[in-house]
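# Overview (structure and organization)
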Amino acid sequence: MSYPATAPWTRGEFEERLRDKSRGYHIHHPFNVRLNGGLCSPDQVRGWIANRFYYQSLIPRKDAAILLNCDDRATRRLWVQRILDHDGVPGGESAGGIEAWVRLGSAAGIPPGELWSLQHVVPGVRFACDAYLDFARRSPWQEAVCASLTEMFAPRIHQDRLAGWPEHYPWIAPEGLAYFRSRIPLARRDVEHGLAVTLDHFDTLERQQRALGILQFKLDILWAMLDAIERAYPA
Ligand SMILES: O=C(O)c1cc(C(=O)O)c2c(n1)C(=O)C(=O)c1cc(C(=O)O)[nH]c1-2
């Protein structure tokens, strides 16, 4: 039996190609390699935390843009949890991911007001994060879901931080690292859902190739953020 050259990849093959994109993840960026290898100065670590705060602060707005564009109730019911994970629920069990990031900043010596002021956010980081929010606003919701799939690769980078930072950066109070610990199960849960949406929606070869392009766009955002941070906080 012969298949036309344009037959879509099987689900397994498509997923493998998506996962293969890990090779371009920011875990391999020279700045991250130095950061998780214990080679960054306190100013560089603080610069990274303060700049990444902008990304964290936009994530729930990005997820709200997906909800706005999503006409599928079943998806919205699952997706709304992501906003609560980051913003927290008043009186709830967890203060939320953004608050946990603020605590990371405090543990590293950055007062909350200084983080919230965004005074340390450099233009390249701002542009990159804004591009992600803008993409989620303007694209079909399934494409924005696909862009979130860099989270497939995130548990490893969080684990690297948990494993290395206490020894490399003993001046950071250990309770500040709680954000990284909290994200590992949440990222796995999010990816399970995001991957199911992506494997269902991108069901022709052309669409599957588009999905790989979207994932590359998101990898580029994360990479460009570290390029900008590296430039702002030279060794
Ligand atoms: O620390 C990291 O390297 C990292 C990367 C990513 C990512 O790959 O987009 C996310 C996160 N962290 C993260 O904490 C997070 O909540 C998150 C949400 C999303 C998303 O696209 O919806 N990515 C990420």
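Conventions we followed
What you see as residue numbers is a count from 1 along each chain, following the sequence as written. Totals for whole chains, interfaces and linings use all residues, but because this is a predicted model, local features are given only for residues with pLDDT of at least 70 and pairs of side-chain atoms are given and counted only at 80 or more. Side-chain metrics rest on all non-hydrogen atoms present in the structure, leaving aside hydrogens and water. UniProt positions are given in the numbering used here, feature names are shortened, and annotations may be inferred rather than shown by experiment. Strands are runs of DSSP state E lasting at least 2 residues, helices are runs of H or I lasting at least 4, and numbering of each runs from the N terminus. Working rule for contacts: check all heavy atoms of both residues, and any pair within 4.5 Å makes them a contact. Here, nonpolar core refers to any group of buried Ala, Val, Leu, Ile, Met, Phe, Trp, Tyr and Cys residues whose side-chain atoms link them within 4.5 Å. Buried means the residue's accessible area, taken with a 1.4 Å probe over protein chains only, is under 20% of the maximum for its type, while exposed means over 50%, and partly exposed covers the values in between. Throughout this description, the term salt bridge denotes a Lys or Arg side-chain nitrogen within 4 Å of a carboxyl oxygen of Asp or Glu.

Identification of the protein chain as Pyrroloquinoline-quinone synthase from Pseudoduganella lurida is taken from an unreviewed UniProt entry. Check the Pathway (unreviewed entry) section of the UniProt entry for the protein chain; it says "Cofactor biosynthesis; pyrroloquinoline quinone biosynthesis." Its UniProt record gives the protein chain a comment under Function (unreviewed entry), which states: "Ring cyclization and eight-electron oxidation of 3a-(2-amino-2-carboxyethyl)-4,5-dioxo-4,5,6,7,8,9-hexahydroquinoline-7,9-dicarboxylic-acid to PQQ."

As for its position among the elements, Arg 19 is in helix α1 (residues 11-19). Taking the C-alpha atoms as reference, Arg 19 lies 25 Å from Arg 137; in sequence the two are 118 residues apart. Ignoring anything within four residues of it in the chain, the contact list for Arg 19 reads Met 152, Phe 153 and Leu 195.

Counting residues in each nonpolar core, the largest one holds 66 residues, and the members touching the most others are Leu 18, Trp 48, Trp 101, Trp 165 and Phe 180. Looking at this core, the element that brings in the most residues is helix α11 (residues 205-232), giving 12 residues. Those residues in contact with Phe 180 that lie beyond four places of it in its chain are Trp 48, Trp 101, Leu 104, His 158, Arg 161, Leu 162 and Trp 165. One finds Ala 65, Ile 66, Leu 67 and Val 145 within the second-largest nonpolar core, a separate group that totals 11 residues.

Scanning the model with the defined rule gives 16 salt bridges in all. Where Arg 183 meets Glu 151, a salt bridge forms, and the shortest distance between an N and an O atom there is 2.7 Å. Remark: Glu 151 occurs in the loop between α8 (141-147) and α9 (154-168) and Arg 183 occurs in helix α10 (residues 178-201); sequence separation between them is 32 residues. Judged on exposure class, the residue Arg 183 and its partner Glu 151 are both buried. Among the charged side chains, a network of salt bridges with common partners joins Arg 82, Asp 85, Glu 151, Arg 183, Arg 189 and Asp 190.

Right, let's talk about unusual backbone geometry for a bit. Positive phi is not limited to glycine here, since Leu 118 has a value of about 60 degrees. Tracing the backbone shows Leu 118 in the loop between α6 (112-116) and α7 (123-138). For Leu 118, a relative accessible area of 21% corresponds to the partly exposed category.

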